[in-house]
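These are the residues of each chain, in order.
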Number of protein chains: 2
Amino acid sequence: MRNAFYAQSGGVTAVINATACGLIETARRFSLQMGTVFAGCDGIVGGLTNQLIDTAQLTTDQLASLRHRPGGVFGSSRYPLLDRVSHRDQYLRLLDVFAANDIAYFFYNGGNGSMQTAHEVASFAKEAGYSLAVIGIPKTIDNDLVHTDTCPGFGSAAKYVATSVREVSLDVAAMCRSSTQVYVFEVMGRHAGWLAAAAGLAAQCADNGPHLILFPEVPFNEVDFLARVKATVERVGYCVVVAAEGICSPTGEAIACDIGGVHSHGEPGRVGSALVKRIHEVLGYKLHWTLVDYLQRTAGHLVSATDQEQAYALGAAAVEKALAGESNIMLTLERLSDEPYRWLIGQVALNQVAGAERKMPKAFIDETGYHITEACRRYLLPLIAGESWPPYRDGLPDYPRIDLKISSAV
Amino acid sequence: MRNAFYAQSGGVTAVINATACGLIETARRFSLQMGTVFAGCDGIVGGLTNQLIDTAQLTTDQLASLRHRPGGVFGSSRYPLLDRVSHRDQYLRLLDVFAANDIAYFFYNGGNGSMQTAHEVASFAKEAGYSLAVIGIPKTIDNDLVHTDTCPGFGSAAKYVATSVREVSLDVAAMCRSSTQVYVFEVMGRHAGWLAAAAGLAAQCADNGPHLILFPEVPFNEVDFLARVKATVERVGYCVVVAAEGICSPTGEAIACDIGGVHSHGEPGRVGSALVKRIHEVLGYKLHWTLVDYLQRTAGHLVSATDQEQAYALGAAAVEKALAGESNIMLTLERLSDEPYRWLIGQVALNQVAGAERKMPKAFIDETGYHITEACRRYLLPLIAGESWPPYRDGLPDYPRIDLKISSAV
């Protein structure tokens, strides 16, 4: 009976620990077939440095609490292993650690870069004659993995963004005659506008915010945009703008602005502050803005129950697939119907997803380029459905300290 | 039987509509003693322009839904009536509108500026021989009104801030070895650090974030601050900084930074981006930051049940006090004990609170100047206690459209 290695990768989410919970709880149920589940301390870095966390040290209660815990309980990292030919040493090192810990199952929980790494590891192990099942488990709030209906983490981030935009729109609506007239809400999304699109769910009726959504997929036309802001303020009294951090000019350049030390494309606050500046300069409106940054990916207090359930189910399925002899695959979510939302877990070869990026389809952005279509709503609504509150203690979500010992010796 | 005028004033909150709900529901119960409750469209501005909203048009269900609805359903404004001698015309106009609508009760729901206005109105009416009961109902997320234990709106904003800081700290903790090492969280608070202090509740154990809180009450010493950031990163691996928007240098100057169009003291994002810039320049750390801005005052999805209950109770009590013949007072909350939290509603003369500002007491800021004391925790904890979820529909808090007719003719 051989052991498993589980690693969290890339930006953490509100539900990546739910995947860990599903995976480890399932492995414990299959304890006659799968040995110890080691988690990488800081993800794959722990695999390279032999900094492993024996998950048996988690009590049943601690393990169950991971379902609600945001962040990455074992630590995550952005450490891409490059190609296995030019970076052979790293792969040898990883297999050494795997061999020393009798690891036969590698679960990699991340986005498309991580799936590339997982594919390289699977290929290298095969070439080296090392028996290793490699299962990729999707995770990204960017929702940009191909061949899956959605990615765990996105539904919760989408719910947070849509809720926050709905709430802030009520605030601005109440004050717009004497105070803030334009509100700018910056969301994540360097290349794909899925989270910006989610804000489109916030409007409960015509003329509710958001009024203008700026997608990375649509070249930013400042003149047209400012005219629409003005028209919206004149018609509605106020204008709520949601902007993805990755919007670009028609020539592909980033929207420029100096916000003090954080200049490069995609840095937090860059787009929001630039839009505030331009709208104020040209139209003279009073503005406020928000930069939700990590809050949108870490809001355990407002997860989508659907997202959490899918995250957990994928962790559980990963164990079952690995024990069934599958390898070199990423698990996927397949949508069977929109309403009621029915889905099942499928799989795809890792090399089919590695490095690929799913942007918003044209059919999801309306003809103005500033809002979502009904087809997009139908796609998004099931993903944010359902509430799953964490336990509360002293008025706050209870995410108690979990001290984890790292074992580096075998 | 004469009518009442209710006006929302200043920045809206997650629970100001709960006060409106308590007030109107109670007035309906006392319908033999109090006539129509008119709400000012955009607060006092509606009183000056004779734009009144007859709240009888709210169905029972619509009225009940206000308990959970953020924003200001009747519209709010920042429109201070200046002193009654030099601005006599405004006061005459207001009394004309009151007389035309047979208004004998004026409920003003706001902060210390609004209490100044309420006092002027009460004095002017008395001098003019117009019978008017004036009751101030406290409201401000800034928590800076004197003679009251707390101000409705603050507890919910505090709960939002503490929750968000706790969650983002887990995110940063998971990634700090390979990604963001310092996180800056800007909160509201131009003169008083109550919301910054609330972030201090986020830590569940030693070395949890926030590690450094910057209060407006403590002069900002950049050299000392940067040394502490460095020491925290070296000890803990990361550092979460919470900064009130109003922090100042020891000479009282605003912390300077150009963030694109929003330059003046107190503009959103100014302090957060300035801190990010300096920390990066001097210490070289990778940073992220968030600007929660209006989200902290409008998060109906995460209100404090205690705050909501107090907001409602104050609205109800305002009607009872007015009918009992009280006038020229602001209602207050009086704390009887911390644990269990017991409170009752009291009152204070409007001229005792008008224009005064309650800052954080010295005993609430620890000796380092960067965190809260145990006394502060004891004060804050009851205010964020309890959860009160709004209804959800399609995955989002349900704040249905309420169309209100404005009656300007009498």
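Residues numbered from 1 in each chain as written. Chains lettered and ligands numbered in written order. Predicted model: local features only at pLDDT ≥ 70, side-chain atom pairs only at ≥ 80, totals over all residues. Heavy atoms only, no water.

(A) A look at the overall build of chain A. Assigned secondary structure in chain A consists of 13 helices and 14 strands. Its C-alpha atoms give chain A a radius of gyration of 22 Å, within 12% of the compact-globule value 22 Å for 410 residues. Each principal axis of the C-alpha distribution contributes one length, and for chain A these read about 70 × 50 × 40 Å. Sorting the 410 residues of chain A into buried and exposed places 63% on the buried side. In chain A, 77% of the contacts between residues at least 6 apart in sequence involve partners at least 24 apart. Carbon and sulfur atoms make up 50% of the accessible area of chain A, which amounts to about 13,900 Å² in all. Positive and negative side-chain charges in chain A, numbering 34 and 42 respectively, have mean positions lying 1 Å apart. (Helix = DSSP H or I, 4+ residues; strand = E, 2+ residues; numbered from the N terminus. Rg over C-alpha atoms; globule rule 2.2 N^0.38 Å. Buried < 20%, exposed > 50% of the residue type's maximum accessible area, 1.4 Å probe, protein only. Contact = heavy atoms within 4.5 Å. Areas by Shrake-Rupley, 256 points an atom, 1.4 Å probe, with all protein chains shown as cover. Lys, Arg positive; Asp, Glu negative; His and termini not counted. Charge placed at Lys NZ, Arg CZ, Asp CG, Glu CD.)

(B) Structural context of the sheet that holds strand S1 (residues 3-8) of chain B. All names here are of chain B. Judged by pairing direction, the sheet is mixed, and its 7 strands sit side by side in the order S3-S2-S1-S4-S5-S10-S11 without closing on themselves. Sheet topology places strand S3 (52-54) and strand S11 (342-349) at the edges, where each strand pairs with a single neighbour. Between one strand and the next, the sheet's axes are offset by a mean angle of 30°, whatever the strand orientation. As paired elements, strand S5 (residues 133-138) and strand S10 (residues 329-337) share 2 bridges and run parallel to each other. Residue Gly 136 lies in a different strand from S10, and its bridge partner there is Met 330. (Pairing = 2+ DSSP bridges. Axes fitted to C-alpha atoms, helices over the stretch in contact; angles between N-to-C directions.)

(C) Region of interest: the relation of the copies chain A and chain B. Turning chain A through 180° and shifting it by 0.0 Å along the axis lays it on chain B, with an RMSD of 0.0 Å. Accordingly, the operation relating the two chain copies is best matched by a two-fold axis. Mapped onto chain B, 100% of the interface residues of chain A again fall at the interface, so both copies present the same surface. (Least-squares fit on C-alpha atoms with pLDDT ≥ 70 in both.)

(D) The arrangement of the interface of chain A and chain B in detail. Each side of the interface is counted separately: chain A has 76 residues, and chain B has 77 residues. Where chain A abuts chain B, roughly 6,100 Å² becomes buried across the two surfaces, and 57% of that area is made up of carbon and sulfur atoms. Together, Glu 167, Tyr 294 and Leu 396 of chain A form the three largest contributors to the area buried by chain A at its contact with chain B, with a combined 11%. At the surface where chain A touches chain B, the tally comes to 4 salt bridges. In this structure, the salt-bridge partner of Arg 297 of chain B is Asp 171 of chain A, at a minimum N-O distance of 2.7 Å. (Buried area = accessible area lost by both parts, 1.4 Å probe. Salt bridge = Lys/Arg side-chain N within 4 Å of Asp/Glu carboxyl O.)

(E) Up close: the nonpolar core. Membership of the largest hydrophobic core comes to 138 residues, with the highest contact counts inside it found for Phe 225 of chain A together with Phe 225 of chain B. The contacts of Phe 225 of chain B, once residues within four sequence positions are left out, are Leu 212, Leu 214, Phe 220, Val 241, Leu 275, Ile 279 and Tyr 370 of chain B. (Core = buried A, V, L, I, M, F, W, Y, C linked by side-chain atoms within 4.5 Å.)

(F) Looking closely at unusual backbone geometry. The omega angle of the peptide bond from Glu 339 of chain A to Pro 340 of chain A is 0°, so this bond is cis rather than trans. Considering the arrangement of structural elements, one finds Pro 340 of chain A in the loop between strand S11 (329-337) and strand S12 (342-349). The peptide bond linking Gly 209 of chain B to Pro 210 of chain B adopts the cis configuration, its omega dihedral lying at 5°. Summarising the element assignment, Pro 210 of chain B is placed in the loop between helix H7 (194-199) and strand S7 (212-214). Notably, Asp 394 of chain A is not glycine yet its phi reads approximately 55°, a positive angle. Its place among the elements puts Asp 394 of chain A in the loop between strand S13 (392-393) and strand S14 (396-397). Not every positive phi belongs to a glycine, and Asn 50 of chain B is a case in point at roughly 60°. Within the fold, Asn 50 of chain B resides in the loop between helix H2 (44-49) and S3.

(G) Geometry of the environment of Trp 194 of chain A. Residues and elements named next belong to chain A. Note that Trp 194 resides in helix H7 (residues 194-199). Each C-alpha atom of the pair Trp 194 and His 68 lies 23 Å from the other, and the pair is 126 residues apart in sequence. Not counting residues within four places of it along the chain, the set of residues in contact with Trp 194 comprises Asp 142, Asn 143, Asp 144, Phe 154, Arg 358, Lys 359, Met 360, Pro 361, Phe 364 and Tyr 379. One polar contact links the side chain of Trp 194 to the main-chain carbonyl oxygen of Arg 358, over a distance of 3.0 Å. (Polar contact = N/O pair within 3.5 Å; in protein donor to acceptor, adjacent residues only side chain to side chain.)

(H) Just the packing of helix H4 (residues 88-100) of chain A against helix H5 (residues 112-128) of chain A, in detail. Residues and elements named next belong to chain A. Look at H4 against H5: their axes get within 10 Å of each other, and the N-to-C directions meet at 75°. By the angle between their directions, the pair H4 and H5 is classed as roughly perpendicular. Touching Arg 88, Tyr 91, Leu 92, Leu 94 and Leu 95 of H4 are Glu 120, Val 121, Phe 124, Ala 125 and Ala 128, all from H5. A per-class count over the contact of H4 with H5 returns 8 nonpolar, no polar and 2 charged. (Parallel < 35°, antiparallel > 145°, perpendicular 65-115°, else oblique. Nonpolar A, V, L, I, M, F, W, Y, C, P; charged D, E, K, R; others polar.)

(I) Molecular detail of the pattern of salt bridges. Tallied over the full model, the rule gives 34 salt bridges over all chains. Three or more residues are tied together by salt bridges with common partners; here these are Asp 149, Arg 335, Asp 338 and Arg 378 of chain A.

(J) Structural detail: the packing of aromatic side chains. The final tally for this structure, using the stated rule, is 26 aromatic pairs over all chains. Taking 5.6 Å as the distance between ring centres and 65° as the angle between the ring planes, the aromatic pair formed by Trp 389 of chain A and Tyr 392 of chain B counts as edge-to-face. Separated into two different chains, Trp 389 of chain A in the loop between helix H13 (374-380) and S13 and Tyr 392 of chain B in strand S12 (residues 392-393) make up a pair that spans both. Taking relative accessible area as the criterion, Trp 389 of chain A reaches 26% and is therefore assigned partly exposed. An aromatic cluster is built from Phe 5, Phe 98, Phe 106 and Tyr 108 of chain A, whose rings are joined through pairwise contacts. Residue placement shows Arg 67 of chain A over the ring face of Tyr 312 of chain A; its charged tip is 4.1 Å from the ring centre. Sitting over the ring of Tyr 294 of chain B, Arg 297 of chain B keeps its end group 3.9 Å from the ring centre. (Phe/Tyr/Trp six-rings, centres within 6.5 Å; stacked < 30°, edge-to-face > 60°. Lys NZ or Arg CZ within 6 Å of the ring centre and 35° of its normal.)

(K) Quick peek at the pairing of S10 of chain B. Residues and elements named next belong to chain B. The element S10 is largely enclosed, with a buried count of 7 among its 9 residues. Alignment of S10 against S11, held across 8 bridges, turns out to be antiparallel. Residue pairing for S11: Met 330 is matched across the bridge by Val 348. Between the end of S10 and the start of S11, which pair antiparallel, lie 4 residues.

(L) A look at helix H11 (residues 305-323) of chain A. In this model, H11 of chain A (19 residues) spans 27 Å end to end at C-alpha, consistent with the 27 Å of a helix rising 1.5 Å per residue. Gly 325 of chain A, located one to two residues past H11 of chain A, shows a positive phi value of around 95°. (Expected span 1.5 Å × (residues − 1).)

(M) Just the pairing of S1 of chain B, in detail. Residues and elements named next belong to chain B. With 6 of 6 residues buried, S1 lies mostly within the body of the structure. The side-chain alternation of S1 yields two buried faces, one formed by Asn 3, Phe 5 and Ala 7 and the other by Ala 4, Tyr 6 and Gln 8. In this fold, S1 hands off to helix H1 (residues 16-29), which returns the chain to strand S2 (residues 37-40); that crossover is right-handed. (Right-handed = clockwise from strand over helix to strand, strands pointing away.)

(N) Spatial organisation of the state of the cysteines. For the structure shown, the criterion picks out 0 disulfides over all chains. Counting only cysteine sulfurs, Cys 176 of chain A is the nearest neighbor of Cys 239 of chain A, a cysteine outside any disulfide, at a range of 11 Å. (Disulfide = S-S within 2.5 Å.)

(O) Structural view of the environment of Leu 396 of chain A. With respect to the element layout, Leu 396 of chain A can be found in strand S14. C-alpha of Leu 396 of chain A to C-alpha of His 301 of chain A: the two residues are 95 residues apart in sequence and 8.9 Å apart in space. Excluding its chain neighbours within four sequence positions, the residues that come into contact with Leu 396 of chain A are Pro 391 of chain A together with Lys 159, Ala 162, Thr 163, Arg 166, Leu 201, Ala 202 and Ile 384 of chain B.

(P) Main features of the confidence of the model for chain A. Residue and element names in this part refer to chain A. Model confidence for chain A is summarised by a mean pLDDT of 94, while 96% of its residues fall at 70 or above. Low pLDDT, under 50, characterises residues 257-265; the stretch is placed with 36 contacts to residues that sit more than four places away or in other chains. Our summary of model confidence lists the complex with pTM equal to 0.97 and ipTM equal to 0.97. (pLDDT = per-residue confidence, 0-100.)

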